[in-house]
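Tertiary structure, described
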Amino acid sequence: MIKTIVQVHKDYNSSEERMREKIEKVAEEITNFGNIFTTNYDLYLYWIIMNIKERDEKQENHYQDLFWYKKDENEYTYFAGKPLGCSKKIFYLHGALFIYQKYYSEQKKIKRNKAEKLIDLISKEIHRGNIPIFISESEGRIKEEAIRKNEYLNFCLQELEASNNPIMIFGNTLYQVDKHLIEAIKKTQRNIYYCIYTKGKNLSSILKEKHSFSEKFNIEKWNVEFVDAETVFKLN
(Lines give C-alpha, C1' and ligand atoms only; values in the text may rest on other atoms or scores of the structure.)
Protein backbone atom coordinates (compact mmCIF):
# COMPACT_ATOMS: atom_id res chain seq x y z
CA MET A 1 0.00 0.00 0.00
CA ILE A 2 2.79 2.43 0.93
CA LYS A 3 4.73 1.67 -2.25
CA THR A 4 1.61 2.24 -4.35
CA ILE A 5 1.05 5.67 -2.78
CA VAL A 6 4.66 6.65 -3.48
CA GLN A 7 4.47 5.44 -7.09
CA VAL A 8 1.41 7.54 -7.93
CA HIS A 9 2.45 10.57 -5.86
CA LYS A 10 3.98 13.42 -7.85
CA ASP A 11 6.46 15.90 -6.45
CA TYR A 12 5.10 19.37 -5.74
CA ASN A 13 7.18 21.07 -8.43
CA SER A 14 6.18 18.48 -11.05
CA SER A 15 2.47 18.55 -10.17
CA GLU A 16 -0.02 20.05 -12.58
CA GLU A 17 -0.32 23.84 -12.40
CA ARG A 18 -3.96 23.58 -11.27
CA MET A 19 -2.93 21.33 -8.35
CA ARG A 20 -0.19 23.77 -7.29
CA GLU A 21 -2.67 26.64 -7.43
CA LYS A 22 -5.09 24.75 -5.18
CA ILE A 23 -2.32 24.01 -2.68
CA GLU A 24 -1.37 27.69 -2.61
CA LYS A 25 -4.99 28.79 -2.12
CA VAL A 26 -5.55 26.31 0.71
CA ALA A 27 -2.29 27.52 2.28
CA GLU A 28 -3.68 31.07 2.29
CA GLU A 29 -6.90 30.07 4.01
CA ILE A 30 -5.81 27.32 6.39
CA THR A 31 -3.98 29.86 8.55
CA ASN A 32 -7.42 30.99 9.75
CA PHE A 33 -7.63 27.71 11.67
CA GLY A 34 -5.85 26.57 14.82
CA ASN A 35 -4.03 23.29 15.38
CA ILE A 36 -4.44 20.59 12.74
CA PHE A 37 -5.04 16.91 13.50
CA THR A 38 -4.80 14.89 10.29
CA THR A 39 -5.26 11.24 9.36
CA ASN A 40 -3.83 11.72 5.85
CA TYR A 41 -0.61 9.90 4.98
CA ASP A 42 0.28 11.74 1.77
CA LEU A 43 2.35 14.86 1.05
CA TYR A 44 -0.32 17.39 0.14
CA LEU A 45 -0.69 18.81 3.63
CA TYR A 46 3.12 18.80 3.98
CA TRP A 47 3.32 20.99 0.86
CA ILE A 48 0.58 23.27 2.19
CA ILE A 49 2.45 23.75 5.48
CA MET A 50 5.74 24.42 3.67
CA ASN A 51 3.98 26.91 1.41
CA ILE A 52 2.75 28.78 4.50
CA LYS A 53 6.23 28.76 6.01
CA GLU A 54 7.84 30.15 2.84
CA ARG A 55 5.37 33.01 2.48
CA ASP A 56 5.19 33.88 6.20
CA GLU A 57 8.44 35.78 6.76
CA LYS A 58 7.51 36.77 10.33
CA GLN A 59 6.49 33.16 11.04
CA GLU A 60 3.30 34.35 12.72
CA ASN A 61 1.00 31.81 11.07
CA HIS A 62 3.17 28.82 10.30
CA TYR A 63 2.61 25.35 11.70
CA GLN A 64 5.09 23.25 13.66
CA ASP A 65 5.09 19.44 13.63
CA LEU A 66 7.35 19.04 16.72
CA PHE A 67 10.13 17.41 14.70
CA TRP A 68 12.84 19.94 15.43
CA TYR A 69 15.20 18.14 17.80
CA LYS A 70 18.74 17.66 16.37
CA LYS A 71 19.70 16.62 12.85
CA ASP A 72 21.64 13.58 11.73
CA GLU A 73 24.06 13.32 8.81
CA ASN A 74 21.12 13.21 6.37
CA GLU A 75 19.48 16.25 7.97
CA TYR A 76 16.59 14.18 9.32
CA THR A 77 14.95 15.87 12.29
CA TYR A 78 13.69 14.05 15.38
CA PHE A 79 10.51 14.19 17.40
CA ALA A 80 11.03 16.52 20.35
CA GLY A 81 7.78 15.95 22.26
CA LYS A 82 7.33 19.66 22.89
CA PRO A 83 6.88 22.76 20.72
CA LEU A 84 9.61 25.21 19.82
CA GLY A 85 8.04 28.59 20.50
CA CYS A 86 4.28 29.21 20.33
CA SER A 87 3.47 28.26 16.73
CA LYS A 88 0.30 26.45 15.82
CA LYS A 89 0.83 22.70 15.67
CA ILE A 90 0.06 19.87 13.28
CA PHE A 91 -0.37 16.27 14.43
CA TYR A 92 -0.21 13.27 12.08
CA LEU A 93 -2.58 10.99 13.98
CA HIS A 94 -1.99 7.90 11.82
CA GLY A 95 1.56 8.64 10.70
CA ALA A 96 2.78 9.88 7.32
CA LEU A 97 5.03 8.89 4.42
CA PHE A 98 7.85 11.08 5.73
CA ILE A 99 7.86 9.95 9.39
CA TYR A 100 9.92 6.90 10.39
CA GLN A 101 10.81 4.90 13.46
CA LYS A 102 14.59 4.96 13.82
CA TYR A 103 15.00 3.18 17.12
CA TYR A 104 12.40 1.93 19.58
CA SER A 105 12.19 5.32 21.28
CA GLU A 106 13.05 7.68 18.42
CA GLN A 107 11.01 8.93 15.49
CA LYS A 108 12.51 10.92 12.66
CA LYS A 109 11.14 13.00 9.81
CA ILE A 110 12.58 13.31 6.33
CA LYS A 111 13.10 16.91 5.31
CA ARG A 112 13.13 17.98 1.71
CA ASN A 113 16.37 19.40 0.35
CA LYS A 114 17.42 21.30 -2.74
CA ALA A 115 19.32 18.36 -4.22
CA GLU A 116 16.55 15.74 -4.18
CA LYS A 117 12.78 15.67 -4.35
CA LEU A 118 11.00 14.67 -1.18
CA ILE A 119 9.18 11.80 -2.88
CA ASP A 120 12.55 10.43 -4.09
CA LEU A 121 13.97 10.58 -0.55
CA ILE A 122 10.93 8.66 0.70
CA SER A 123 11.36 6.04 -2.04
CA LYS A 124 15.01 5.57 -1.04
CA GLU A 125 14.04 4.98 2.59
CA ILE A 126 11.48 2.37 1.58
CA HIS A 127 13.94 0.59 -0.72
CA ARG A 128 16.36 0.43 2.21
CA GLY A 129 13.66 -1.43 4.12
CA ASN A 130 12.68 1.51 6.32
CA ILE A 131 8.88 1.64 6.38
CA PRO A 132 7.08 4.86 7.36
CA ILE A 133 4.98 5.07 10.51
CA PHE A 134 1.72 4.21 8.84
CA ILE A 135 -1.42 3.02 10.64
CA SER A 136 -3.79 1.20 8.27
CA GLU A 137 -5.23 -1.64 10.35
CA SER A 138 -8.80 -2.48 9.40
CA GLU A 139 -10.00 -3.26 12.94
CA GLY A 140 -10.50 -0.40 15.39
CA ARG A 141 -9.13 -2.16 18.48
CA ILE A 142 -5.93 -3.26 16.69
CA LYS A 143 -5.55 0.20 15.19
CA GLU A 144 -5.69 1.90 18.59
CA GLU A 145 -3.26 -0.65 20.09
CA ALA A 146 -0.73 0.14 17.35
CA ILE A 147 -1.13 3.87 18.01
CA ARG A 148 -0.69 3.52 21.78
CA LYS A 149 2.53 1.55 21.30
CA ASN A 150 4.18 4.31 19.26
CA GLU A 151 5.53 7.29 21.21
CA TYR A 152 4.74 9.88 18.55
CA LEU A 153 1.28 8.59 17.57
CA ASN A 154 0.25 8.17 21.20
CA PHE A 155 1.39 11.74 21.88
CA CYS A 156 -0.77 13.02 18.99
CA LEU A 157 -3.84 11.13 20.20
CA GLN A 158 -3.34 12.45 23.74
CA GLU A 159 -3.14 16.01 22.38
CA LEU A 160 -6.48 15.49 20.62
CA GLU A 161 -7.96 14.13 23.86
CA ALA A 162 -6.70 17.12 25.87
CA SER A 163 -7.85 19.81 23.45
CA ASN A 164 -11.09 21.59 24.29
CA ASN A 165 -11.07 23.92 21.30
CA PRO A 166 -13.89 23.81 18.75
CA ILE A 167 -13.11 21.20 16.10
CA MET A 168 -13.97 21.09 12.41
CA ILE A 169 -14.02 17.61 10.89
CA PHE A 170 -13.17 17.81 7.19
CA GLY A 171 -12.85 14.83 4.86
CA ASN A 172 -13.27 12.15 7.51
CA THR A 173 -16.54 10.31 8.19
CA LEU A 174 -15.24 8.79 11.44
CA TYR A 175 -16.30 5.22 10.79
CA GLN A 176 -16.23 2.61 13.55
CA VAL A 177 -12.63 1.70 12.68
CA ASP A 178 -11.70 5.20 13.89
CA LYS A 179 -13.60 4.93 17.15
CA HIS A 180 -10.43 5.99 18.99
CA LEU A 181 -10.75 9.41 17.34
CA ILE A 182 -14.42 9.71 18.30
CA GLU A 183 -13.59 8.85 21.91
CA ALA A 184 -10.67 11.30 21.91
CA ILE A 185 -12.92 14.13 20.69
CA LYS A 186 -15.49 13.25 23.35
CA LYS A 187 -12.94 13.55 26.18
CA THR A 188 -13.77 17.24 26.53
CA GLN A 189 -16.89 19.27 25.83
CA ARG A 190 -16.47 21.28 22.67
CA ASN A 191 -18.32 22.58 19.63
CA ILE A 192 -18.10 20.21 16.67
CA TYR A 193 -18.44 21.26 13.04
CA TYR A 194 -18.86 18.38 10.60
CA CYS A 195 -18.32 19.02 6.89
CA ILE A 196 -20.55 17.24 4.40
CA TYR A 197 -19.95 17.03 0.66
CA THR A 198 -23.39 17.84 -0.71
CA LYS A 199 -22.53 17.95 -4.42
CA GLY A 200 -24.38 15.22 -6.30
CA LYS A 201 -26.24 14.03 -3.20
CA ASN A 202 -29.99 14.15 -2.72
CA LEU A 203 -31.66 15.39 0.45
CA SER A 204 -32.30 11.87 1.74
CA SER A 205 -28.59 10.99 1.47
CA ILE A 206 -27.52 14.19 3.26
CA LEU A 207 -30.00 13.67 6.10
CA LYS A 208 -28.82 10.07 6.47
CA GLU A 209 -25.21 11.22 6.84
CA LYS A 210 -26.23 13.88 9.38
CA HIS A 211 -28.13 11.29 11.40
CA SER A 212 -25.24 8.80 11.23
CA PHE A 213 -22.77 11.40 12.52
CA SER A 214 -25.12 12.73 15.23
CA GLU A 215 -25.46 9.21 16.66
CA LYS A 216 -21.76 9.23 17.48
CA PHE A 217 -22.20 12.16 19.88
CA ASN A 218 -24.70 13.05 22.56
CA ILE A 219 -26.14 16.24 21.08
CA GLU A 220 -27.19 17.39 24.54
CA LYS A 221 -23.54 17.54 25.60
CA TRP A 222 -21.81 18.42 22.34
CA ASN A 223 -23.04 21.14 20.05
CA VAL A 224 -22.86 19.60 16.57
CA GLU A 225 -23.27 21.80 13.51
CA PHE A 226 -23.11 20.77 9.86
CA VAL A 227 -21.20 22.65 7.18
CA ASP A 228 -21.18 22.33 3.40
CA ALA A 229 -17.61 21.14 2.73
CA GLU A 230 -17.34 23.14 -0.48
CA THR A 231 -17.71 26.41 1.44
CA VAL A 232 -14.71 25.80 3.74
CA PHE A 233 -11.99 26.59 1.18
CA LYS A 234 -12.52 28.93 -1.77
CA LEU A 235 -10.63 27.11 -4.49
CA ASN A 236 -12.30 28.59 -7.57
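Below you will find a few notes about this structure. (Residues numbered from 1 in each chain as written. Predicted model: local features only at pLDDT ≥ 70, side-chain atom pairs only at ≥ 80, totals over all residues. Heavy atoms only, no water.)

Observations concerning the sheet that holds strand β11 (residues 224-228)
Rules: Two strands are said to pair when DSSP picks up at least two bridges between them. Only DSSP runs of H or I covering at least 4 residues are called helices, and only runs of E covering at least 2 are called strands; the numbering of each starts at the N terminus. Fitted lines through C-alpha atoms serve as axes, helices being fitted only where they are in contact, and the angles separating the N-to-C directions of these axes extend from 0 to 180 degrees. Whether two residues touch is decided by their heavy atoms; if any such pair falls within 4.5 Å, the residues are in contact.
Read from one edge to the other, the open sheet built from three strands follows the order β9-β10-β11, with strand pairing classed as parallel. Across the chains shown, the open sheet's two edge strands, defined by having one partner strand only, are β9 (167-169) and β11. Within this sheet the neighbouring strands show an average axis-to-axis angle of 25 degrees, counted without direction. Where helix α8 (residues 203-214) meets the sheet, its contacts fall on β9, β10 (192-196) and β11, and the angle it forms with β10 comes to roughly 150 degrees.

Quick word on the environment of Tyr193
Relative to the helices and strands, Tyr193 resides in strand β10. C-alpha separation for the pair Tyr193 and Phe170, spaced 23 residues apart in sequence, amounts to 8.6 Å. Every residue in contact with Tyr193, bar those within four places of it in the chain, is listed here: Pro166, Ile167, Met168, Ile169, Glu225 and Val227.

Here's the deal with the packing of aromatic side chains
The cut-off we apply is this: Side-chain rings of Phe, Tyr and Trp, where Trp is taken by its six-membered ring, are said to pair if the distance between their centres is within 6.5 Å; with planes under 30 degrees apart they count as stacked, over 60 as edge-to-face, and otherwise as tilted.
As enumerated under the stated definition, the model contains 18 aromatic pairs in all. A centroid spacing of 6.2 Å and a plane angle of 45 degrees characterise the contact between Phe91 and Phe155, whose relative ring orientation is tilted. Taken together, the residues Phe91 in strand β5 (residues 88-92) and Phe155 in helix α6 (residues 151-162) connect sequence positions 64 residues apart. Taken together, a centroid distance of 5.4 Å and an interplanar angle of 85 degrees make the contact between Phe170 and Phe233 edge-to-face.

Describing the pattern of salt bridges
What counts, and what does not: In the sections that follow, a salt bridge refers to a side-chain nitrogen of Lys or Arg positioned within 4 Å of a carboxyl oxygen of Asp or Glu. Burial here depends on accessible area, computed with a 1.4 Å probe over protein chains only, as a share of the maximum for the residue type. Under 20% is buried, over 50% is exposed, and the range in between is partly exposed.
Following the criterion strictly, the structure yields seven salt bridges and no others. Taking the shortest distance from any N to any O, the salt bridge between Glu145 and Arg141 comes out at 3.1 Å. With Glu145 and Arg141 both in helix α5 (residues 140-149) and four residues apart, the pair spans about one turn of that helix. Judged by its relative accessible area of 37%, Glu145 falls in the partly exposed class. We note a salt bridge from Glu144 to Arg148, for which the minimum N-O separation is 3.5 Å. With Glu144 and Arg148 both in helix α5 and four residues apart, this pair spans about one turn of that helix.

Here we look at the environment of Ile131
By secondary structure assignment, the location of Ile131 is in the loop between α4 (118-127) and β8 (132-134). Residue Ile131 is classed as partly exposed on the basis of its relative accessible area of 47%. Separated by 32 residues in sequence, Ile131 and Ile99 have C-alpha atoms that sit 8.9 Å apart.

Here we look at a nonpolar patch on the surface
Which entries qualify depends on this criterion: Patch definition: residues above 30% relative accessible area lacking any salt bridge, with like charges linked at up to 9 Å and the nonpolar side chains Val, Leu, Ile, Met, Phe, Trp and Tyr linked at up to 5 Å. Computed with a 1.4 Å probe, the accessible areas rest on the Shrake-Rupley method; for each residue, only the protein chains presented here act as cover.
The grouping of Met168, Phe170 and Tyr197 at the surface amounts to a nonpolar patch, some 270 Å² of accessible area in total. Residue placement: Phe170 occurs in the loop between β9 and α7 (179-185). Residue classification places Phe170 among the partly exposed positions, given a relative accessible area of 37%.

Things to note about the nonpolar core
Spelled out, the test is: Among buried residues, the Ala, Val, Leu, Ile, Met, Phe, Trp, Tyr and Cys ones that are joined through side-chain atoms within 4.5 Å form a nonpolar core.
By size, the foremost hydrophobic cluster in this structure holds 61 residues, and its most contacted members are Ile30, Phe98, Ile122 and Ile192. Among the elements that line this core, the one with the most residues is helix α3 (residues 44-55), at seven residues. When near neighbours in sequence (up to four residues on either side) are disregarded, Ile30 contacts Ile36, Leu45, Ile48, Ile52, Tyr63 and Phe233.

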